[in-house]
Structure formats: structure tokens, C-alpha cells
Amino acid sequence: MTAIKRVFGRRVWDSRGHPTVEVDVTLANGVVGRAIAPAGASRGTREAIDLRDGGRALRGKGVSRALASVNGPIAQAITGMDVADQSGIDRVILRLDPSALKETLGGNATVATSLAVLHAAAADAGKALWLHVSETTGFTPSLPLPEIQIFGGGAHAGRRVDIQDFMIMVPGADSFDEVMEITNEVYFAAGDIMASKGKMAGVADEGGWWPNFDSNEEALETLVSAIEKAGEKPGERVVISLDIAASEFCTDDCYRLALEDREMDNGAMIDMLGGWLDSYPIASIEDPLAEGDVEGTREFTRRFGDRVQIIGDDYLVTNAALVEQAQEDGACNAVLIKVNQAGTVTEGFDTFRKARSAGWGAIVSARSGETEDVSISHLATGLGGGQLKVGSFTRSERMVKWNECLRIQDALGVESFVGGAPLANTWWGKQSKKETAA
Ligand code: PGA
Ligand code: ZN
């Protein structure tokens with residue numbers, strides 16, 4: 001065993017310029033593991049609390065209370081423990097804060113510590129993080145299929161449009177490199193179209209083009225044009241993925257699209273999204289209804305679950321019990337895995353297992369507030385979950401994750417890319433299977 005000798009939290013700064021928590025875990029043999037907590041902007045109400053100081057300084061976003069959790073009770077409790085005992089360490093952290101949402105210690109304190117422990121254990125074993133994750137969880141590693149944002153929206157773009165993420169996936173690519181190449185072409189084609197229409201206005205929070213549109217559907221139409229301008233046939237190698245993030249514009253069962261001055265109940269919302277599924281090559285859709293709209297999410301899944309991947313993000317908040325409940329309810333068929341929503345690595349992995357054991361999709365995901373931390377590239381690969389969502393194709397806090405996958409590819413081999421396998425049960429997978437048979 002290698003004991004943890006020191007746990008130290010420091011304040012660093014994220015991609016939005018806000019403070020966040022970085023933790024160093026130093027072992028008795030001098031090995032160090034380090035991780036940084038990310039931060040969401042469109043957060044689910046049931047995810048682990050991002051503990052902030054409040055008040056006027058730093059817009060209330062100071063992290064001195066979260067750092068006090070790391071450098072006080074957490075450090076005290078886990079110093080001396082065997083770094084390889086990830087679940088034991090996470091259990092001790094949970095015992096320090098048994099509150100449902102980790103409001104005492106702060107989810108930002110717990111996740112940075114838990115991930116730093118994972119990094120230290122991998123370094124101690126002399127293994128890359130993805131390999132350590134694969135070996136300790138028993139999953140076969142593979143390079144994930146990326147979901148990459150072309151237009152940002154919702155809470156990531158001052159609510160300029162209501163829908164949050166207009167993304168592409170390239171399930172028809174033969175390699176991870178090819179996904180990067182095609183994404184580059186589509187991203188810049190979209191920028192050219194915006195510029196030619198006089199609509200270029202920079203980028204949103206996650207690096208996607210600012211959504212200077214007159215309707216939500218105009219973004220979809222522009223995305224299709226961008227795919228075509230990049231020389232691709234929409235729906236063939238390249239498909240569309242949306243994060244509706246519907247909780248952000250739903251109040252009292254009423255969905256309100258501000259851009260179009262339109263109000264809908266969940267039935268009308270489902271019909272509208274169904275219309276989009278008919279008109280555009282969409283293979284994946286996240287949070288189509290609000291986090292509390294169980295009836296709507298069930299109905300959406302009943303109608304479209306055999307055609308598209310339906311991901312619960314705010315709806316499931318990386319919580320194994322909520323995933324189990326949704327599986328019983330017939331709501332969603334995939335889950336977004338954001339370790340900081342759960343608060344510890346062990347809870348994140350448990351949720352991943354719960355999803356995969358029922359044949360669900362599982363998409364390891366970044367937050368809109370990110371840093372140079374590349375843990376998620378390793379988690380997505382090591383868990384062999386098949387999908388990774390990072391944001392767009394500009395800005396280093398995003399590119400660092402894609403670039404890390406390229407380095408992992410060099411170790412793991414080009415053939416370890418999963419390609420379109422995660423979308424096998426969608427219309428895209430069924431169509432491509434038909435084509436292969438013919
Ligand atoms: P967030 O959004 O990180 O701002 O919560 C990301 C997402 O909804 O997937
Ligand atoms: Zn989301």
C-alpha cells in the first residue's frame with residue numbers, strides 16, 4: 001500500500017475567470033496526483049452543491065469555504081489511507097458530509113479531492129489514468145465518439161437562443177483523427193456562413209459560435225448548411241446532437257421559448273421536438289423536457305426512444321438511484337456522466353455501471369466552466385463508455401481534452417475508436433446497418 005501523506009487545496013481560476021478548487025494529493029513516496037473542479041452554469045437542482053462564499057467579492061464565487069473543507073476535515077480524514085482504496089476514501093468523504101447534496105463540504109471540494117486521489121493512484125501504479133481506470137473498473141478501454149458543439153446557446157450565450165447546445169457527432173468516421181478533421185471543416189463552414197450573413201458575433205461560453213439567430217430552428221438550418229458546406233451529406237457520416245436543457249426555460253409546467261415568444265405545455269413541446277426529429281438528421285437529444293417533467297420525459301421516450309438517443313443530464317444528475325428510477329419509468333435511454341454532479345469518483349462510476357448494465361448509453365461530460373484538467377478524456381476512454389462531450393472546437397480548456405484523446409490514441413491504437421457503435425440503436429445505426437447489409 002502507498003499512504004496519502006498530504007492533501008492540499010488551492011484556489012485556481014477557470015475558463016470563465018471564476019475561482020475554482022484544485023487539489024494536490026501527495027503520497028508517502030513523493031508521487032503527486034492533481035485535479036481541478038469544473039463548474040456548471042445550467043445546473044440540475046439535485047446535483048452536488050458547488051460551495052461558494054457568497055457576498056460581493058469575486059461576484060460571490062469565492063471558494064475559501066470549499067478550500068477549508070479540503071485542507072481541514074477532508075485532509076485530516078484521508079491522510080494515511082491507502083491511495084489505491086478509491087471507494088474506501090470516497091466513503092470516508094461521504095461520511096464527513098452525509099447531506100444529500102454535499103452542502104457541508106461542497107461538491108467542488110469533494111470532486112477535486114476524489115479525482116486527485118484517482119490521479120495519484122494511477123501515477124503510483126505507473127499507469128496512464130485511462131489504463132488505471134480500465135484496470136480497476138474492469139471495463140475495456142476505447143476511444144470515445146465525441147459530441148462537439150458548433151453553436152452555443154441557452155445559459156451559455158446570454159439566452160440569445162433558448163436551446164443550449166447545437167452539436168455534431170461523426171459516427172461515420174473511421175478514426176478519432178477523422179472526427180477532428182471533419183469537425184474542423186464543419187465548425188469553420190458554420191463560421192463562414194455566419195460571417196456571410198453578417199451574423200458573426202464571436203463565440204459562446206464553450207467555444208461554439210455565438211447564436212445570432214432569429215429562431216431556434218434557424219440554428220438547426222444553419223448547422224445543416226454548415227455540414228453540407230463542409231462537403232458532407234447530413235445524416236450520412238455526420239449527425240446532429242442537441243442539448244435542449246429544457247429546465248432552463250420551463251416554469252410551472254410551461255415551456256417558454258423567449259426568442260420566438262412562444263409558450264407550450266409538455267405535449268406541444270414534445271410535438272415541436274418530434275417535428276425537428278422528422279426534419280433534421282438528429283441522432284441524440286439531451287434533456288428534451290424539464291428535470292421535474294417525468295410524465296413528459298416518459299412520453300418523449302415512448303414516442304422517440306427507438307429512433308434517437310435520449311440523454312438525461314439535469315434529469316438524472318449522474319445519480320445511480322435516479323437512473324434506476326428512470327429505467328423503471330421508461331424515461332431516457334442514456335445518461336450524461338459528470339463526476340462533479342455526483343461529487344465523488346465512486347458515485348460517478350456507480351452511475352455509469354447502472355446505466356451500462358441496462359444497455360443505456362453513457363456520455364462522459366465536461367461542464368461549461370472548465371480548466372486545463374483532462375481527467376474526463378481518461379475517464380471516457382478507461383470506462384469504454386463510448387462517448388465524450390466537451391463543448392466546442394476552440395479554446396484551450398476544450399481543445400486540451402480532444403488533444404489528450406489523441407495522445408491516448410497513440411498509446412491505445414487507432415483501432416480502439418468506437419466509431420458509431422454508441423448510436424447503433426438510433427435511426428442512424430439502423431440505417432447504416434441496412435447499408436452495410438446491402
Ligand atoms: P453546464 O452545462 O455545465 O453549464 O451545467 C453543460 C450541459 O448542460 O451539458
Ligand atoms: Zn445538459
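For the structure, see preceding data.
Residues numbered from 1 in each chain as written. Chains lettered and ligands numbered in written order. Predicted model: local features only at pLDDT ≥ 70, side-chain atom pairs only at ≥ 80, totals over all residues. Heavy atoms only, no water.

### What about the coordination of the zinc ion (ligand 2)?
Any two of four tetrahedral donors ideally make an angle of 109.5 degrees at the metal, while pairs among six octahedral donors ideally make 90 or 180 degrees.
Link 1 in the chain: Within the first shell, the zinc ion (ligand 2) binds the protein through Asp243 (OD), Glu286 (OE) and Asp313 (OD), at distances of 2.0 to 2.2 Å.
Link 2 in the chain: On the primary sequence, the residues serving as donors to the zinc ion (ligand 2) are separated as D-x42-E-x26-D. Of this pair, Glu286 sits in strand 10 (residues 282-286) while Asp313 sits in the loop between strand 11 (309-312) and helix 9 (320-329); the two residues are 27 residues apart in sequence, bridging distant segments of the chain. Grouping residues by exposure puts Glu286 and Asp313 together as buried. (Donors = N, O, S within 2.8 Å, 3.2 Å for Na, K, Ca; no water. Helix = DSSP H or I, 4+ residues; strand = E, 2+ residues; numbered from the N terminus. Buried < 20%, exposed > 50% of the residue type's maximum accessible area, 1.4 Å probe, protein only.)

### Details of the sheet that holds strand 13 (residues 361-365)
Link 1 in the chain: Judged by pairing direction, the barrel is mixed, and its eight strands sit side by side in the order 4-5-6-10-11-12-13-14 before closing back on the first. Strand-to-strand, the axes of this sheet are offset by a mean angle of 30°, without reference to chain direction.
Link 2 in the chain: Across four bridges, the pairing between strand 4 (residues 145-152) and strand 14 (residues 386-391) is parallel. Bridge assignment links Ile148 to a residue of strand 14, and that residue is Gly391.
Link 3 in the chain: Sheet contacts for helix 13 (residues 396-412): strand 4 and strand 14; angle to strand 14, the most-contacted strand, approximately 150°. (Pairing = 2+ DSSP bridges. Axes fitted to C-alpha atoms, helices over the stretch in contact; angles between N-to-C directions. Contact = heavy atoms within 4.5 Å.)

### A short note on the packing of helix 2 (residues 86-96) against helix 11 (residues 345-357)
Link 1 in the chain: Packing of helix 2 against helix 11 brings their axes to within 8 Å, and their N-to-C directions diverge by 110°. Regarding the angle of helix 2 to helix 11, the classification is roughly perpendicular. Facing helix 2, whose interface residues are Gln86, Ser87, Asp90 and Leu94, helix 11 presents Val345, Thr346 and Glu347. (Parallel < 35°, antiparallel > 145°, perpendicular 65-115°, else oblique.)

### Topic: the nonpolar core
Link 1 in the chain: Counting 125 residues, the largest nonpolar core has Ile78, Ile244, Met269 and Trp276 as the members making the most contacts within it.
Link 2 in the chain: Residues in contact with Ile244, not counting those within four places in the same chain, are Asp162, Ile163, Gln164, Phe249, Met269, Leu273, Trp276, Ile285, Glu286, Asp287 and Pro288. (Core = buried A, V, L, I, M, F, W, Y, C linked by side-chain atoms within 4.5 Å.)

### Some details on the pairing of strand 12 (residues 334-337)
Within a regular strand, side chains alternate between the sheet's two faces.
Link 1 in the chain: With burial as the criterion, each face of strand 12 is covered, one bearing Ala334 and Leu336 and the other bearing Val335 and Ile337.
Link 2 in the chain: At this point the chain moves from strand 11, through helix 9, to the parallel strand 12, and the crossover so formed is right-handed.
Link 3 in the chain: Note that strand 12 and strand 13 share four bridges and pair parallel. Its bridge partner being in strand 13, Ile337 is matched across the sheet by Val364. (Right-handed = clockwise from strand over helix to strand, strands pointing away.)

### Quick look at the site of ligand 1
Link 1 in the chain: In the vicinity of ligand 1 there are 13 residues, among which Ala41, His156, Arg367, Ser368 and Lys389 approach most closely.
Link 2 in the chain: With respect to ligand 1, the side chain of Lys389 contributes an N or O atom lying 2.7 Å from an oxygen atom.
Link 3 in the chain: For ligand 1, whose free accessible area comes to 280 Å², the fraction covered by protein is 99%.
Link 4 in the chain: Grouping the amino acids of the shell around ligand 1 by side-chain chemistry returns two nonpolar, five polar and six charged. (Near = heavy atom within 4 Å. Polar contact = N/O pair within 3.5 Å; in protein donor to acceptor, adjacent residues only side chain to side chain. Areas by Shrake-Rupley, 256 points an atom, 1.4 Å probe, with all protein chains shown as cover. Nonpolar A, V, L, I, M, F, W, Y, C, P; charged D, E, K, R; others polar.)

### Some words on a negative patch on the surface
Link 1 in the chain: A cluster of acidic residues, Asp177, Glu181, Glu185 and Asp410, forms a negative patch at the surface.
Link 2 in the chain: Sorting elements by how many residues they give to the negative patch places helix 5 (residues 176-196) first, with three residues.
Link 3 in the chain: In this structure, Asp410 sits in helix 13.
Link 4 in the chain: According to the relative accessible area criterion, Asp410 is exposed, its value standing at 67%. (Patch = residues over 30% accessible without salt bridge, like charges linked within 9 Å, V, L, I, M, F, W, Y side chains within 5 Å. Salt bridge = Lys/Arg side-chain N within 4 Å of Asp/Glu carboxyl O. Lys, Arg positive; Asp, Glu negative; His and termini not counted. Charge placed at Lys NZ, Arg CZ, Asp CG, Glu CD.)

### Description of the environment of Gly107
Link 1 in the chain: Structurally, Gly107 can be placed in helix 3 (residues 107-124).
Link 2 in the chain: Of the residues examined, Gly107 reaches a relative accessible area of 3% and is grouped as buried.
Link 3 in the chain: Here the alpha-carbon distance between Gly107 and Asp50, two residues 57 residues apart in the chain, equals 5.3 Å.
Link 4 in the chain: Excluding its chain neighbours within four sequence positions, the residues that come into contact with Gly107 are Ala48, Ile49, Lys102 and Gly343.

### Describing the pattern of salt bridges
Link 1 in the chain: The full count for this structure, using the stated rule, is 33 salt bridges.
Link 2 in the chain: Between Glu47 and Arg367 there is a salt bridge; the shortest N-O distance is 2.9 Å. With Glu47 in the loop between strand 3 (32-36) and helix 1 (64-78) and Arg367 in the loop between strand 13 and helix 12 (375-382), this pair connects stretches of sequence that are 320 residues apart.
Link 3 in the chain: Residue classification places Arg367 among the buried positions, given a relative accessible area of 2%.
Link 4 in the chain: A salt bridge links Glu248 to Arg159; the nearest nitrogen and oxygen atoms lie 3.0 Å apart.

### With respect to the sheet that holds strand 7 (residues 250-251)
Link 1 in the chain: If you trace the three strands from one edge of the open sheet to the other, you get 7-8-9, paired in antiparallel fashion. Strands at the two margins of the open sheet, each flanked by one partner only, are strand 7 and strand 9 (262-264).
Link 2 in the chain: Taken together, the three bridges between strand 8 (residues 254-257) and strand 9 define a ladder with antiparallel strand orientation. Note on strand 9: the bridge partner recorded for Leu257 is Arg262.
Link 3 in the chain: Across the sheet, helix 7 (residues 266-279) is in contact with strand 8 and strand 9; its angle to strand 9 comes to roughly 110°.

### As for the state of the cysteines
Link 1 in the chain: Per the counting criterion, the structure on display carries zero disulfides.
Link 2 in the chain: The thiol of Cys332 is unpaired, and the distance to the nearest cysteine sulfur, on Cys250, comes to 15 Å.
Link 3 in the chain: Given a relative accessible area of 6%, Cys332 falls into the buried group. (Disulfide = S-S within 2.5 Å.)

### Things to note about the environment of Arg256
Link 1 in the chain: Looking at the element boundaries, Arg256 is found in strand 8.
Link 2 in the chain: Counting along the chain gives 127 residues from Arg256 to Leu129, while the straight-line C-alpha distance between them is 43 Å.
Link 3 in the chain: Setting aside chain neighbours within four positions, we find Arg256 in contact with Asp162, Phe249, Asp261, Arg262 and Glu263.

### Things to note about helix 8 (residues 294-304)
Link 1 in the chain: Among all positions in helix 8, only Gly296, Thr297, Phe300, Thr301 and Phe304 are buried. Angularly, the buried residues of helix 8 cover 130° about the axis, an arc narrow enough to put them on a single face. Of the exposed residues in helix 8, the ones pointing more than 90 degrees away from its buried face are Glu295 and Arg302.
Link 2 in the chain: Of the residues that open helix 8, the one with a side-chain oxygen 2.7 Å from the backbone nitrogen of Gly296 is Asp293. (Arc of directions from axis to C-beta.)

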